[in-house]
Amino acid sequence: MSALSELKLGAYTLRGASLGGLYTAFHVPELDSLFDVGLAIRGGATASHLFLSHAHLDHLGALPSLLGMRGMISSADKPLKLYCPKGLEEQLQKVLDELSGLHHWPLKVDFKPMEKDDELQLRQDLWVKALQTFHPVPSLGYLLFNRVSKLRPEYQGLKGNEIKALKDQGIEVSHWVDRPKLAYLTDTLPEALKHNPEALKAEILIIECTFLNDRKGVEVARAGCHIHIEELIPWAEKMDNKHVVLMHFSQVHRPSDIVKICEERLKPILGERLKLCLPHHSTDHWWI
Ligand SMILES: [Zn+2]
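Residues numbered from 1 in each chain as written. Predicted model: local features only at pLDDT ≥ 70, side-chain atom pairs only at ≥ 80, totals over all residues. Heavy atoms only, no water.

Participant: Whenever I open this one, helix α3 (residues 88-103) confuses me. Can you help?
Facilitator: For an α-helix, the turn length of 3.6 residues means that residues three or four places apart are oriented alike. Taking 1.5 Å of rise per residue, the 16 residues of α3 would be expected to cover 22 Å, and the 22 Å separating its terminal C-alpha atoms lies within 8% of that figure. Within α3, the full set of buried residues consists of L88, L92, L96 and S100. Buried residues in α3, looked at end-on, bunch into an arc of 95°, giving them a common side. The outward face of α3, more than 90 degrees from its buried face, is lined by the exposed residues E90, Q91, K94, E98 and L102. Residues of α3 that are buried make contact with α1 (57-60), α2 (63-72), β6 (80-85) and β7 (109-114). Of the residues one or two after α3, H104 is the one with positive phi, at around 55°. (Helix = DSSP H or I, 4+ residues; strand = E, 2+ residues; numbered from the N terminus. Expected span 1.5 Å × (residues − 1). Buried < 20%, exposed > 50% of the residue type's maximum accessible area, 1.4 Å probe, protein only. Arc of directions from axis to C-beta. Contact = heavy atoms within 4.5 Å.)

Below you can see the structure in the form of structure tokens.
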């Protein structure tokens, strides 16, 4: 049995683990994507895309292990596409060059540096947009969305030959429609939600909720540029997401306390849409 947690979120599966400050790594097989690499997820080793939120080691540290795994798998012949805050790519490349020397095997990555609001196409109808986050080091969140071509509302109901006639006249009958699928926001102040309202409309919102009570209060959370549940609650009313996954909990909290607090404070607002990324069994132990 996998030691990682697995959440079924509609058509998507979220596998991974996240413990604030220690490790965060997720794999969404349906999107062929990894989000952060604080752990090397074996089942995600052949994924095409890795979205790195920032370069703190609890989100980055297992990149060499992941690339080592890929080297063992012949089907992973294309370099991993690594999306990261612009400016990190040079330093990361230097680190990988050094490690390649030690490993006697090239650790190759196809860097895709991004700045807030940049958009890149991942595959036919799947795109990513970089979201602004607020952390003491360069950081980004990500929104994966489908961009599909749709007939403009005024032409709906027309027959095929009528549409063709319009097209022949050079009239633009279709337009692009974006459908936000998954938003990933971690290691940020809650202001990230104000700056990225589309995250509140994504089918899935994966968001950090590092602290949950006065063991570490709002001030402490803000000082570290993290989200405290007190500051997340006012946003919960505005969340139109089908699934809201909370993760990146601090180990100052026990899993059983996290369940209790979230059920008391957020379940009344979010209902069954609320999902918690916690270890499988309620043994009150973290993953590793
Ligand atoms: Zn973190």
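Participant: Explain the sheet that holds strand β1 (residues 5-9) here, please?
Facilitator: Whether parallel or antiparallel, the strands of a sheet pair through hydrogen bonds between backbone atoms. Taken together, seven strands build an open sheet; the order of strands is β1-β2-β3-β4-β5-β6-β7 and the sheet is mixed. Each edge of the open sheet is held by one strand with a lone partner, namely β1 and β7. Across this sheet, the average inter-strand angle for adjacent strands is 20°, counted without regard to direction. In this sheet, β6 lies alongside strand β5 (residues 49-51) in parallel orientation, the contact comprising three bridges. Paired with L50 across the bridge in β6 is L82. Against the sheet, α2 contacts β4 (33-37), β5, β6 and β7, and its axis sits at roughly 165° relative to β6. Against the sheet, α3 makes contact with β6 and β7, and its axis sits at roughly 160° relative to β7, the strand it touches most. (Pairing = 2+ DSSP bridges. Axes fitted to C-alpha atoms, helices over the stretch in contact; angles between N-to-C directions.)

Participant: What's the story with the nonpolar core in this structure? I'm lost.
Facilitator: Ranked by size, the top nonpolar core spans 67 residues in total, and within it Y142, L144, I207, M239, L246, F249 and C262 carry the most contacts. Setting aside chain neighbours within four positions, we find L144 in contact with L31, S33, F35, F51, L122, L126, W127, V128, P180, K181 and L182. One finds A45, L52, L67 and L96 within the second-largest nonpolar core, a separate group that totals 20 residues. (Core = buried A, V, L, I, M, F, W, Y, C linked by side-chain atoms within 4.5 Å.)

Participant: Which parts of the structure should I look at to understand the coordination of the zinc ion?
Facilitator: Tetrahedral coordination by four donors places them ideally at 109.5 degrees to one another around the metal; octahedral coordination by six donors ideally gives 90 or 180 degrees. For the zinc ion, the full set of protein donor atoms is D58 (OD), H59 (NE2), D187 (OD), D187 (OD) and H248 (NE2), at a range of 2.1 to 2.8 Å. Mapped onto the sequence, the residues coordinating the zinc ion show the spacing D-H-x127-D-x60-H. Here the residue H59 occupies a position in helix α1, and D187 occupies one in the loop between β11 (174-185) and α5 (191-195), the gap between them amounting to 128 residues. (Donors = N, O, S within 2.8 Å, 3.2 Å for Na, K, Ca; no water.)

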